[in-house]
Amino acid sequence: YVDAGYLLASAATRVSGTSLRNGIHVDYGAMIEAMVKQAQQISGLPMLRVHWYDSAKNGVPDAQQERIGELAKVKLRLGRFGVDGQQKGVDLRIGLDLVAHARNDASDVFFLISGDDDLTEAVEEAQVHGVQVIVLAVPNKADKPHAVSRHLLRAADELALLTPATIDDTVMKVEVPRVPVAVPTPPPPPTDVPARPSPLDLAARRSHAHASDPAPVPTTALAYTVSSGGIAHIAPGYADPSEHDDGIDEVLARVIGSLRKSMSAHEISDLERDRPSIPREIDRALLTDLSEVIGVYDLSDPVRFRLRTRFWEHYDAH
């Protein structure tokens, strides 16, 4: 039972330093083959089937997901994306399948590749029907389990690590080569043209013309929503302006650095054209990475707002 969101985000973090999935390229066939081989070695039993759980827009698979579903003995199970970019229905599908297959005595040993706390009760219910449930965790850079809930760990019969080679041999960091663009030399200024006022002259004139105008006083702060790019008003004092700043800066630096290395010039152009909106996958990586950095599973709304509103500030500054 493979939670693709957990698997790929954890693998991306190990390889590239951020959970951004479009920053990696995955050989899915080789990865699944290696996972199956390890599960069979641990259990001493033949593998029945791989259930692959992921999210898709409106529950419709994309081209990559279709290819995964066409692999031998792989069953594709899809949830959907919520309005905030988070996956919906995936945990429920995993939990329902775990319990149903245990009740129907489909296998003796279940392997769960996930770290989600929400699966704890499903694991315990499956065990009631006499099956073993082993959690296979993705190793981090220190070869320790990455992002596995303590509740899930206590519920499982065993915790095992995917072999580092399973990730290192099948997941590659994407780095798009940059072609230097020649900057044309500006033509010399034309001669015999009446001198135009300088910007300083114009500023001085405007300052003199409006010297008696009262200065505007800001009354509220603004942030842009992720899904629509519309303006959302934040009441003064709603967000602590310094809360988790260090963690936010670290995450933004890592994600934006990965974006600049992995995106083509066309993709960067599309990203910048749609500002101030943040694409769903980038937003999901920002939230996932910040949760890991500050050790908070459920980020508060003020922290989410601050992370999102500072994205473009950091993008322009770096």
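Please refer to the structure higher up on the page.
Residues numbered from 1 in each chain as written. Predicted model: local features only at pLDDT ≥ 70, side-chain atom pairs only at ≥ 80, totals over all residues. Heavy atoms only, no water.

Participant: I would appreciate a short explanation of the overall build of the protein chain in the present structure.
Facilitator: From N to C terminus, the protein chain includes 13 helices and 11 strands. Counting every position in the protein chain, which comprises 318 residues, the buried fraction comes to 39%. Long-range pairs, those at least 24 residues apart, make up 72% of the contacts in the protein chain with a sequence separation of at least 6. (Helix = DSSP H or I, 4+ residues; strand = E, 2+ residues; numbered from the N terminus. Buried < 20%, exposed > 50% of the residue type's maximum accessible area, 1.4 Å probe, protein only. Contact = heavy atoms within 4.5 Å.)

Participant: Would you explain the pairing of strand E8 (residues 158-161) in this entry?
Facilitator: Successive residues of a regular strand alternate their side chains across the two faces of the sheet. Sheet analysis places strand E7 (residues 132-137) next to E8, joined by four bridges and oriented parallel. Each residue of the ladder has a partner; that of leucine 136, found in E8, is alanine 160. Chirality of the crossover, the property in question, places the unit of E7, helix H6 (residues 150-155) and E8 among those that are right-handed. (Pairing = 2+ DSSP bridges. Right-handed = clockwise from strand over helix to strand, strands pointing away.)

Participant: Before we go on, may I ask you to explain helix H11 (residues 280-294) in this structure?
Facilitator: Helical geometry: 3.6 residues make up each α-helical turn, so side chains three or four residues apart lie on a common side. If you check H11, its first and last C-alpha atoms are 21 Å apart, about what 15 residues at 1.5 Å a residue would give, namely 21 Å. All of the buried residues along H11 are Ile282, Asp283, Arg284, Ala285, Leu286, Leu287, Asp289, Leu290 and Ser291. Within two residues after H11, glycine 295 carries a phi angle of roughly 70 degrees, on the positive side. (Expected span 1.5 Å × (residues − 1).)

Participant: Hey, could you run me through the sheet that holds strand E1 (residues 2-3) in this one?
Facilitator: Pairing between sheet strands relies on hydrogen bonds along the backbone, with the strands arranged either parallel or antiparallel. In space, the four strands of this open sheet follow the order E1-E3-E4-E5, with mixed pairing throughout. What marks the edges here is a single partner per strand, and that holds for E1 and strand E5 (87-88). Where E1 lies against strand E3 (residues 50-56), two bridges are found, and the strand directions are parallel. Bridging across to E3, aspartate 3 finds its partner in tyrosine 53.

Participant: Mind showing me how you'd approach the nonpolar core here?
Facilitator: Within soluble globular proteins, side chains that are nonpolar tend to cluster in buried spots. Counting residues in each nonpolar core, the largest one holds 31 residues, and the members touching the most others are Leu7, Ile32, Met35, Trp52 and Ile113. Elements with a minimum of two residues in this core: helix H1 (4-16), strand E2 (24-26), helix H2 (28-43), E3, strand E6 (109-112) and E7. Residues contacting isoleucine 113, with those up to four places away along its chain left out, are Tyr1, Val2, Asp3, Tyr6, Leu7, Met35, Leu136 and Leu162. The next biggest cluster of nonpolar side chains, apart from the first, holds 22 residues, and it includes Val255, Leu259, Leu287 and Leu307. (Core = buried A, V, L, I, M, F, W, Y, C linked by side-chain atoms within 4.5 Å.)

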